[in-house]
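An overview of the molecular structure
In case you want the letters, here they are:
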Amino acid sequence: MEAKVPVTILTGFLGSGKTTLLNRILSESHGLRIAVIENEFGEIGIDQDMVINADEEVFEMNNGCICCTVRGDLIRILNNLARRRDKFDRIVLETTGLADPGPVAQTFFVDDDVRDEFNLEGIVTLVDAKHVEQHFGDSDEVMAQIAFADMIVLNKCDLVDDVQQSQLKERIGNLNKMAKILPAKMADVPIAKVLDIGGFDLDRALGINDAFLEPEYPFEWAGIYSLREGRNSLKLSKGPDPDMSLICYPIPDQSKIEIPELAETVFRFWAELPTKINNAGEIHPRSTPWIVDLRQETEISVGIPKDGTYAFFTQHTPEEFDLVVKGVNGDKVLPINDHYFAAGHTHDDTVTSVALECVGDLDSEKLNSWLSVLLQTEGPNIFRMKGILSVKDNERRMVFQGVHMLFDSQPGEPWGEEDRHSRLVFIGRELDQDYLHETLKLCLA
Amino acid sequence: MDGIQKLWSFFETDLAEAPVALDWSACGRWLSVINVDSSVLVVDTLNNTELERWTAHDDGALALTWHPKLSIFATGCQGGVVKLWQVEEDQTINEVSAIKLAPSSGNSWIELLKWSPDGKHLSIGNGNSVMLSTIMGEMSTSFSFPNGTVAAIDWHPRGSLLAIAGYGGVLIYNVLKPKEKPIVLERKGSLLSLSWSPDGKYILAGCQDNAVALWRFRTRKDAQMSGFTYKPLQLTWINRGKRLLTGGTKELVIWPFDKKGPEGRDPEMRSFHEHAICAIAATASGQVIASGCRFGRIAIWESAGDSEPKSWAELDSRVEHLLWSPAKKSKTLAATSRQGTLSLFDASGII
């Protein structure tokens, strides 16, 4: 059997820069022969660039389920392209700005001929950093396009400041933790990165975002500093929020600094009653939080009782407040180590990402039943799902991915000597993480 | 297929591109194949020579069909052009006419070409409509299919009724009364292939959701045949319309259409293939069948009885088209493969 032709779906709201990126894909010399399917029906040239236009015919299947809508025009075009597969290396499929990516993606699962010949490698969503905020509330399409993405090109970043960009990243990250976010202006992202997403490679996706499977904490960042006894300081600029919580915490043994482990301890302290502090105040290491007034640029004192290692856990990332730690001599001190945590849900978006991890082998029958029930009941709410599963008596990883109620699985790399565990990601509306996690655990062999 | 005689091709040629359509002339002498790059090959099977190869269109090709009586065939492409070609008495091939159609709903692809049984009309599937052309290439009437792109067309065996299938069902127009509203046969989902039974009593459609939709034309009563693994696009009538042979699985399924029809009756199964069937052809009598699978294996068998295949043949890749010669007494089978090979087999020694 010949290898399947990889397909990248390019989506994004009107004016987000899809055409700019598409033109770059077509004009830059990357050594790949690319067939492009655009969003208006047209002609396939015989010898010239293969740019095919589609007609956006969304078809429901006979069972009437909206999850099984497909693009009839794409089936025809792709089946035609299957006869010309020696002419190109991959396909880029552009959707209209208002298109729901669901039917486009589902086409690659529903139609046998398409599934046999083509491999949906990834979905790239372009987001207009300047204007996307205004669409968050009133456009289901924008939410869906972000939720479906394997990669998000945050375009037009030159039109927003760092704080806005950071906030946008956080919000997009909340919607879709799985996607890699690439800031760009004029869609100037490396073409190779866009085309080689490795959409099904969950390990790789996890590698992109270390915070992916971590629990959500009320802090987004932690830095470990070596500080000397005396009056150090913490400089913070005026930020998007009027105040910010933080904890300064002493670390007794520097050799054992593992920030994610420390986070569990600090998380418990976070619930303690905080102390408000302003420009004239001083904080010191302790196990309760401080709330720093940030309505203006602030430099607060940090009283360090003795030379040693100290951690700062902050509610927001240091970039949002231009955080600088200064030593006793007033010089800037750099962290020995730092770590970014997954942002908590600070917005009311109903679209979320849920990551599940389960150590041990899953029973295949229980797993099938679980997935079957889950997809029947929650399918309409699930935009994307991906997973690498450890199934009992199976030496290889089971790699699965799906769209709404449709999913496909294939054997992955052998487990070998590695610890066997399963990891799944669901992106969808109103997903119940606890329920998903508890019911997945019932599938353990 | 151990122990069964293998059939070797007596004619084979490299098409250089993947074929998109294959058809015999009515007399069974000429065989035409059009490829994805619009290159056309006409083979003279009287002496098994290539009559001519040429590029028929500037765009990718999608369809080819021979006239049911004359030595004329039509080709259609993605640029909205239909051309009529004639094999002259001196064996030269000339372009008779070229029709450039205006895009229908933004779609200019000519995906379907089908002559009416009397040969007076060429029906042309073009986006959301089917247009009719005369043998001279003059456009006459247009019939719309509002639900989307026309996926299949078929003529009533006696001529004037034209069935059009696509998303949402079938519309049946009377070409003699083009202003009349069409008969509507609704079905949820997308219909992909269409076949009117030889007696005109049934209309069948292969569906995207792995089923065959069925209507009794007189009563409009509908039914469904399901259980297919893949899309059952192949709808082949055998035994003068008394039985229907379908693809869409590894098994060949033969449905009874004699007496009161297939409802409540078990179909017959033939398990000759290890992979999904993607092409089926029956001789004019419907007694000899060729079936081909996705991995290039062709089985040749008789519709009567349930014995093993009489012979088998093998192509270099997925079987794209199978078609028996319509010439009387001929047992020549034409086959194309996805990789671009045209092969002719002579089954006269075995059936």
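For the structure itself, look to the data block above.
A brief report on the enclosed structure follows. Since the structure is predicted, the reported quantities are computational estimates derived from the model, not experimental observations. (Residues numbered from 1 in each chain as written. Chains lettered and ligands numbered in written order. Predicted model: local features only at pLDDT ≥ 70, side-chain atom pairs only at ≥ 80, totals over all residues. Heavy atoms only, no water.)

Observations regarding the overall build of chain B
Within chain B, the regular secondary structure consists of zero helices and 31 strands. Taken against the 2.2 N^0.38 rule, which gives 20 Å for 351 residues, the C-alpha radius of gyration of chain B at 19 Å falls within 12% of a compact globule. With the C-alpha coordinates aligned to their principal axes, the bounding extent of chain B is approximately 60 × 55 × 30 Å. Put simply, chain B has 351 residues, and 62% of those count as buried. Of the contacts made within chain B by residues no fewer than 6 positions apart, 44% connect residues no fewer than 24 positions apart. About 14000 Å² of surface is accessible on chain B, with carbon and sulfur atoms providing 47% of the total. Treating the 36 positive side-chain charges of chain B as one cloud and the 37 negative ones as another, the clouds have centres 10 Å apart. (Helix = DSSP H or I, 4+ residues; strand = E, 2+ residues; numbered from the N terminus. Rg over C-alpha atoms; globule rule 2.2 N^0.38 Å. Buried < 20%, exposed > 50% of the residue type's maximum accessible area, 1.4 Å probe, protein only. Contact = heavy atoms within 4.5 Å. Areas by Shrake-Rupley, 256 points an atom, 1.4 Å probe, with all protein chains shown as cover. Lys, Arg positive; Asp, Glu negative; His and termini not counted. Charge placed at Lys NZ, Arg CZ, Asp CG, Glu CD.)

Quick notes on the pairing of strand β17 (residues 183-196) of chain B
As a general feature of sheets, a regular strand has side chains that alternate between the two faces. Residues and elements named next belong to chain B. Direction of pairing for strand β16 (residues 161-174) relative to β17: antiparallel, over a ladder of five bridges. When the bridges of β17 are listed, Gly 169 appears paired with Glu 186. Where β17 folds back onto strand β18 (residues 202-207) in an antiparallel hairpin, the turn is made up of five residues, including Gly 200, whose phi is positive at roughly 75 degrees. (Pairing = 2+ DSSP bridges.)

Observations concerning the nonpolar core
Residue and element names in this part refer to chain A. Core analysis: the largest hydrophobic core is formed by 53 residues, its most contacted members being Ile 91, Phe 108, Phe 118 and Phe 136. Not counting residues up to four positions away in its chain, the partners in contact with Phe 118 are Lys 4, Val 5, Val 7, Leu 78, Leu 81, Ala 82, Ile 91 and Phe 108. Counting residues in each nonpolar core, the second largest holds 22 residues, with Trp 221, Leu 234, Trp 290 and Val 292 among its members. (Core = buried A, V, L, I, M, F, W, Y, C linked by side-chain atoms within 4.5 Å.)

Re helix α13 (residues 433-441) of chain A
Residue and element names in this part refer to chain A. Turning to α13, its buried residues number three or more, namely Leu 436, Thr 439 and Leu 440. The buried residues of α13 all sit within an arc of 105 degrees when viewed along its axis, so they share a single face. Contacts from the buried residues of α13 go to β21 (351-359), α12 (364-378) and β25 (421-429). The backbone nitrogen of Asp 434 has a side-chain oxygen 3.2 Å away, supplied by the residue at the start of α13, namely Asp 432. (Arc of directions from axis to C-beta. Polar contact = N/O pair within 3.5 Å; in protein donor to acceptor, adjacent residues only side chain to side chain.)

Brief notes about helix α2 (residues 72-82) of chain A
Of all the eleven residues making up α2 of chain A, ten are buried; the element is thus mostly covered by neighbouring parts of the structure. The complete set of buried residues in α2 of chain A reads Gly 72, Asp 73, Leu 74, Ile 75, Arg 76, Ile 77, Leu 78, Asn 80, Leu 81 and Ala 82 of chain A.

Regarding the packing of aromatic side chains
Residues and elements named next belong to chain B. A full pass over the atoms with the stated rule returns 16 aromatic pairs over all chains. Taken together, a centroid distance of 4.8 Å and an interplanar angle of 90 degrees make the contact between Tyr 202 and Phe 257 edge-to-face. Of this pair, Tyr 202 sits in strand β18 while Phe 257 sits in the loop between β23 (252-256) and β24 (268-270), and the two are 55 residues apart along the sequence. The buried category is assigned to Phe 257, whose relative accessible area is 5%. Arranged with centres 4.9 Å apart and planes meeting at 80 degrees, the rings of Trp 237 and Phe 257 form a pair that is edge-to-face. A residue pair is termed long-range when its members are at least 10 positions apart, and Trp 237 in strand β21 (residues 235-238) and Phe 257 in the loop between β23 and β24 qualify at 20 residues. For Trp 237, a relative accessible area of 13% puts it in the buried group. (Phe/Tyr/Trp six-rings, centres within 6.5 Å; stacked < 30°, edge-to-face > 60°.)

Describing the sheet that holds β24 of chain B
The pairing of strands in a sheet happens through backbone hydrogen bonds and is either parallel or antiparallel. All names here are of chain B. Read across the sheet, four strands follow the order β21-β22-β23-β24 without closing on themselves; strand pairing throughout is antiparallel. Each end of this open sheet is capped by a strand with a single partner; those strands are β21 and β24. The sheet shows a mean angle of 25 degrees between the axes of neighbouring strands, direction not considered. Across four bridges, the pairing between strand β22 (residues 243-246) and β23 is antiparallel. Directly across from Thr 246, in β23, lies its bridge partner Val 253. (Axes fitted to C-alpha atoms, helices over the stretch in contact; angles between N-to-C directions.)

What about the pattern of salt bridges?
Taken as a whole and assessed by the stated rule, the structure comprises 37 salt bridges over all chains. Between Asp 111 of chain A and Lys 231 of chain B there is a salt bridge whose closest N-O contact spans 2.4 Å. Pair noted here: Asp 111 of chain A is in the loop between α3 (101-110) and α4 (112-117) and Lys 231 of chain B is in the loop between β20 (222-225) and β21, and the two residues belong to different chains. You'll find Asp 111 of chain A and Lys 231 of chain B in the same group, each marked buried. Taken together, the shared-partner salt bridges in this structure form one network comprising Arg 83, Arg 85 and Glu 117 of chain A together with Arg 318, Glu 320 and Arg 338 of chain B. (Salt bridge = Lys/Arg side-chain N within 4 Å of Asp/Glu carboxyl O.)

Concerning unusual backbone geometry
Despite not being glycine, Asp 322 of chain A has its phi angle at roughly 45 degrees, a positive value. Positionally, Asp 322 of chain A belongs in the loop between α11 (318-321) and β18 (324-326). The backbone phi angle of Ala 16 of chain B is positive, close to 75 degrees, even though this residue is not glycine. Mapped onto the elements, Ala 16 of chain B comes out in the loop between β2 (11-14) and β3 (19-24).

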